[in-house]
Amino acid sequence: MTTSKQAVALVDKRPFFEKALTHGVAKGILDVSRCNQIIADGAKGTVQVATHFGTPHLQAELDNARKRIVVLVSLYLEDASGGDLDAAARSLLENSFLFHSRSGNDMLKRLYAMPETAMSGDIKSQSLIDFQNERTLLKPYSLAAYRKELKRRQEAVDIIAAARWFCDDLRVPHTALDFLAVESIIRTAILVRHAGLDKAPNHAEFARLIGAIRNKPPVGGKLKIAKALLDDVPDPHHAIAETIRRDIEKIDGPLILNTGHAIDVVLNIIVERYFIRDADLDDIDSFAGFVSEQWQEAMKGKDDPYSRLTLFMCLATGAKHKTMVTDAEARTMIRQVRKAGFDSAAVADFVNAAAPFEIKDNLLALWNDEFLPEARERLVDETDVSLQRAMMFLTENLNVKAKPKTVK
């Protein structure tokens, strides 16, 4: 019969402060006098902590304060000693108990001061006292948890620093990053360098940049951004930039080069990952015209409300698509509306399929909310037998070519 031996591992869940204190006494590092001093300092510190969080006069608050101060001391001791109990015991011998608790609290304050996310102008999700309350009592930090959070926040600090360097490189003020996922400025800077440009693009420029990449697909069908483009990036920021360079190649590259998707669809997917310089109305119109060839063809280069509504009326009445109609064509559209109503589904289908993403909602609102309610009243008025009032309405809202005057 085979006998199996099982090793039983004992898990010591005591706070690190308690482990260090017990070890120090056992090894003769801490004598009775020093232990009494630690107890006295601990009592004093407990009252101070209870006062900070509430009141020192309630037993429950004092008990919570005791738990908090042990967490703070343990956090600092284990971090400073590297987990070495001898070193931790000597620290308790050479430094006051209050020094250890204050040092643990300083660790929390430094962590709190760091950004929670890689976002410039980051707004704290909780106050300092709430943070201290959570991390010393409600969900007290172990050293491992503290270091994990420290690493995550330090990465955010590093990305923000790199983004500010790339802001300077693109001549973009640091304030432009406020409340922005700052990785977007790095991603934009790298793609701009790849395109041979030297400034942050607006919407139209970004669309043209993506269009240029699609029009000249690279050999092998994969987007490749030269590593040498990052040679001037300072060492503290280089690894971050290199990671984002590879990410553009791996994630954005296949999307950009997929000609199975219209360019406005591609832009809609990737634009949130990039920093786009503020645009004026001319830029938005330029962007809108660029990203949809079908829309541009239908509008004949026009983007005013009258031309848009003229096209929509043609769609809604089954007429030939135009941005300018004759008097006779307008009258035919009125008769068609009185016969079959407005085919608004045709308008919506065309807008959703052909219009630039950025203006689709505005176009549908122009038709459904601004034009259609009054058009239903004015064009379907059966008392307007001569179509005079209906024609007046269309002439005010559409591009209707004036009827030639008869020469007598």
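So, about the overall build of the protein. The helix and strand inventory of the protein stands at 18 helices and zero strands. Scaling as 2.2 N^0.38, a compact globule of 408 residues should have a C-alpha radius of gyration of about 22 Å, whereas the protein reaches 35 Å, well beyond that. The proportion of buried residues among the 408 residues of the protein is 41%. Carbon and sulfur atoms make up 54% of the accessible area of the protein, which amounts to about 22,800 Å² in all. Averaging the coordinates of the 55 positive side-chain charges in the protein and doing the same for the 57 negative ones gives two points 3 Å apart.

Below, the discussion takes up the packing of helix α3 (residues 59–81) against helix α7 (residues 143–170). Where α3 meets α7, the axes come as close as 10 Å, and the angle between the chain directions of the two elements is 75°. In terms of their interaxial angle, α3 and α7 are classed as roughly perpendicular. Residues L75, E78 and D79 of α3 lie in contact with α7, whose contacting residues are L143, Y146 and R147. Counted by class, the contact of α3 with α7 contains three nonpolar, no polar and three charged residues.

Before going further, it helps to examine the packing of helix α8 (residues 183–194) against helix α10 (residues 235–257). Look at α8 against α10: their axes get within 10 Å of each other, and the N-to-C directions meet at 75°. As judged from the angle between their axes, α8 and α10 are roughly perpendicular. Packed against α8, whose contacting residues are E183, I186, R187, I190 and L191, the element α10 presents I240, A241, I244, R245, D247, I248 and D252 at the interface. Its residues assigned to classes, the contact of α8 with α10 shows seven nonpolar, no polar and five charged.

Summarising the element assignment, H237 is placed in helix α10. When near neighbours in sequence (up to four residues on either side) are disregarded, H237 contacts A161, A162 and W165.

Our next topic: the environment of L223. Mapped onto the elements, L223 comes out in the loop between α9 (203–215) and α10. For L223, a relative accessible area of 5% corresponds to the buried category. Between the C-alpha atom of L223 and that of N258, which follows or precedes it by 35 residues, the distance is 11 Å. Each residue touching L223, except ones within four places of it in the same chain, is listed here: H194, I213, P218, I248, E249, G253 and L257.

Turning our attention to the nonpolar core. Formed by 40 residues in total, the largest nonpolar core has its most connected members in I185, I186, I190, L191, F206, I210 and I248. Breaking this core down by element, the ones donating at least two residues are α7, α8, α9, α10 and α11 (263–270). Element by element, the count of residues in this core is highest for α7, at seven residues. Once residues lying within four places of it in the same chain are set aside, the contact partners of I185 are A163, C167, L170, L177 and F275. Ranked by size, the runner-up nonpolar core spans 37 residues in total, among them M299, V347, L364 and A375.

Bringing helix α4 (residues 85–94) into the picture now. Buried within α4 are the following residues: A88, A89, S91 and L92. Across the axial projection of α4, the buried residues extend over an arc of 155°, all falling on one side. As for α4, its buried residues are in contact with α1 (16–26), α2 (32–53), α3 and α5 (97–113). Where α4 begins, the capping side chain belongs to D84, and its oxygen is found 2.9 Å from the backbone nitrogen of D86.

Our next topic: the packing of aromatic side chains. Scanning the entire structure with this criterion turns up eleven aromatic pairs. A centroid spacing of 6.3 Å and a plane angle of 40° characterise the contact between W295 and F350, whose relative ring orientation is tilted. With W295 in helix α13 (residues 293–299) and F350 in helix α16 (residues 344–354), this residue pair connects regions lying 55 residues apart in the sequence. No difference in accessibility class separates W295 from F350, as the two residues are buried. Here a set of aromatic residues connected by ring pairs shows up, and it is made of F312, F342, W367, F371 and F393. Above the face of the Y112 ring, K124 is positioned so that its terminal group lies 5.1 Å from the ring centre.

Quick notes on the rules
Residues numbered from 1 in each chain as written. Predicted model: local features only at pLDDT ≥ 70, side-chain atom pairs only at ≥ 80, totals over all residues. Heavy atoms only, no water. Helix = DSSP H or I, 4+ residues; strand = E, 2+ residues; numbered from the N terminus. Rg over C-alpha atoms; globule rule 2.2 N^0.38 Å. Buried < 20%, exposed > 50% of the residue type's maximum accessible area, 1.4 Å probe, protein only. Areas by Shrake-Rupley, 256 points an atom, 1.4 Å probe, with all protein chains shown as cover. Lys, Arg positive; Asp, Glu negative; His and termini not counted. Charge placed at Lys NZ, Arg CZ, Asp CG, Glu CD. Axes fitted to C-alpha atoms, helices over the stretch in contact; angles between N-to-C directions. Parallel < 35°, antiparallel > 145°, perpendicular 65-115°, else oblique. Contact = heavy atoms within 4.5 Å. Nonpolar A, V, L, I, M, F, W, Y, C, P; charged D, E, K, R; others polar. Core = buried A, V, L, I, M, F, W, Y, C linked by side-chain atoms within 4.5 Å. Arc of directions from axis to C-beta. Polar contact = N/O pair within 3.5 Å; in protein donor to acceptor, adjacent residues only side chain to side chain. Phe/Tyr/Trp six-rings, centres within 6.5 Å; stacked < 30°, edge-to-face > 60°. Lys NZ or Arg CZ within 6 Å of the ring centre and 35° of its normal.

As far as function goes, none of this settles anything; it's purely spatial.
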